[in-house]
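Chain by chain, the residues:
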Amino acid sequence: MNTHALEFRNVSKVYETDGGDRLAALDEVSFVIEPGKTVAIVGRSGSGKSTLLHMAAGIDIPTSGDVSIDGQLLADLSEGDRTLLRRNRIGLIFQFFYLMQHLSVYDNVALPSMIAGDAPGLVEPRVMELLERVGMADRSRDRVQKLSGGEMQRVAICRALLKRPRLLLADEPTGNLDDENGRMVMELILSLAREENGTLIYVTHSPDFAGMADETMQIHSGKVIA
Ligand SMILES: Nc1ncnc2c1ncn2[C@@H]1O[C@H](COP(=O)(O)OP(=O)(O)OP(=O)(O)O)[C@@H](O)[C@H]1O
Ligand SMILES: [Mg+2]
C-alpha cells in the first residue's frame with residue numbers, strides 16, 4: 001500500500017489566459033513526500049509554487065495526473081469529501097493570514113472545531129495549548145485587528161494546527177513579515193510541525209528559510225528541477 005504523505009504523479013495544471021492562450025502552471029510534476037518530512041518549495045515568481053500547494057490541498061484539481069494524500073487519490077473523492085479531508089487532515093497557512101478581524105484570538109483559533117461541531121470541552125485545552133506554545137495565550141481575548149503581523153501569523157499557525165493535521169501547507173508564511181518576525185514564525189512552524197509529527201510543505205523566497213527544511217524542491221516554469 002502507498003503510504004506517502006503526499007504523492008504527485010504526472011500532475012499538470014493548464015490555465016486558459018484571458019488572451020486565449022494555454023499556460024501550463026504545472027507541467028508533468030511527479031514527486032513523493034514521506035510522512036513527517038519538512039519540505040521547502042523554492043522558485044521564481046510565477047513558476048507554479050502556489051498552484052502546486054492548491055493541488056496538494058485539493059482546493060483545485062489538476063488538468064491531468066494524480067494527487068494522493070496518505071494513499072488516498074483525491075480524484076476518487078467527491079467535492080464534499082475533499083472539503084472534509086481538507087478540514088480534518090490539512091492545515092493551511094497563507095501570506096496574508098486570512099483571520100476574522102472582528103473575532104478574538106481564541107475564536108479564530110477555535111473556528112475549525114466550531115465548524116466541525118467538536119465538543120467545546122475538548123477544544124479549549126487544545127486552543128490554549130497552542131496559544132501558549134506561540135506565546136499568545138495572554139492575548140486570547142483580544143480582537144485580532146489589534147495584533148501585529150507577526151502576532152497574526154502566530155494565531156493563524158495555531159488555527160492551522162488545531163485539528164492536528166497530518167499535512168501542513170504554508171504559502172509564503174513569512175512573506176508579509178520583517179526579517180526578525182519572519183524568522184520567529186518560520187522556526188515556530190517548523191518546530192510545531194516536528195513536535196506534532198506532521199508533514200510540512202512551505203513555499204519561501206528565502207534561501208535561508210529554505211535551508212531549515214529536511215528537503216528542498218525547486219520549481220522552474222511548472223517543472224520540478226531539483
Ligand atoms: N486562475 C488562474 N488563471 C490563469 N492563470 C493562472 C491562474 N492561477 C495562476 N496562474 C498562472 O500560473 C502561473 C503559476 O502561478 P503561481 O501562482 O502558481 O506562481 P507562484 O510560483 O506561486 O508565484 P509567486 O512566487 O509570485 O507567488 C503564473 O504564470 C500565473 O499567472
Ligand atoms: Mg505564489
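Rules used in this analysis
Residues numbered from 1 in each chain as written. Chains lettered and ligands numbered in written order. Predicted model: local features only at pLDDT ≥ 70, side-chain atom pairs only at ≥ 80, totals over all residues. Heavy atoms only, no water. Core = buried A, V, L, I, M, F, W, Y, C linked by side-chain atoms within 4.5 Å. Buried < 20%, exposed > 50% of the residue type's maximum accessible area, 1.4 Å probe, protein only. Helix = DSSP H or I, 4+ residues; strand = E, 2+ residues; numbered from the N terminus. Contact = heavy atoms within 4.5 Å. Pairing = 2+ DSSP bridges. Axes fitted to C-alpha atoms, helices over the stretch in contact; angles between N-to-C directions.

### Quick look at the nonpolar core
Ranked by internal contacts, the top residues of the largest apolar core, which has 41 residues, are Val-127, Leu-131, Leu-168 and Tyr-202. Listing elements by their share of this core, those giving two or more residues are strand 3 (38–42), helix 3 (105–116), helix 4 (120–133), helix 5 (149–161), strand 7 (167–171), helix 6 (179–195), strand 8 (199–203) and helix 7 (207–210). Those residues in contact with Val-127 that sit more than four places away from it in its chain are Tyr-106, Val-109, Ala-110 and Leu-162. Residues Val-11, Val-29, Ile-41 and Ile-90 belong to the second largest nonpolar core, which totals 26 residues.

### With respect to the sheet that holds strand 4 (residues 64–69)
Strands sit in the order 2-1-4-5 across an open sheet of 4 strands; the sheet is antiparallel. With one partner strand each, in any of the chains shown, strand 2 (22–33) and strand 5 (72–73) form the two edges of the open sheet. Relative to strand 5, strand 4 runs antiparallel, the two being bridged by 2 bridges. Among the inter-strand pairings, Ile-69 is bridged to a residue of strand 5, identified as Gln-72. Packing of helix 1 (residues 49–57) onto the sheet brings it into contact with strand 1 (6–16), strand 2 and strand 4, and relative to strand 1 it is tilted by some 120°.

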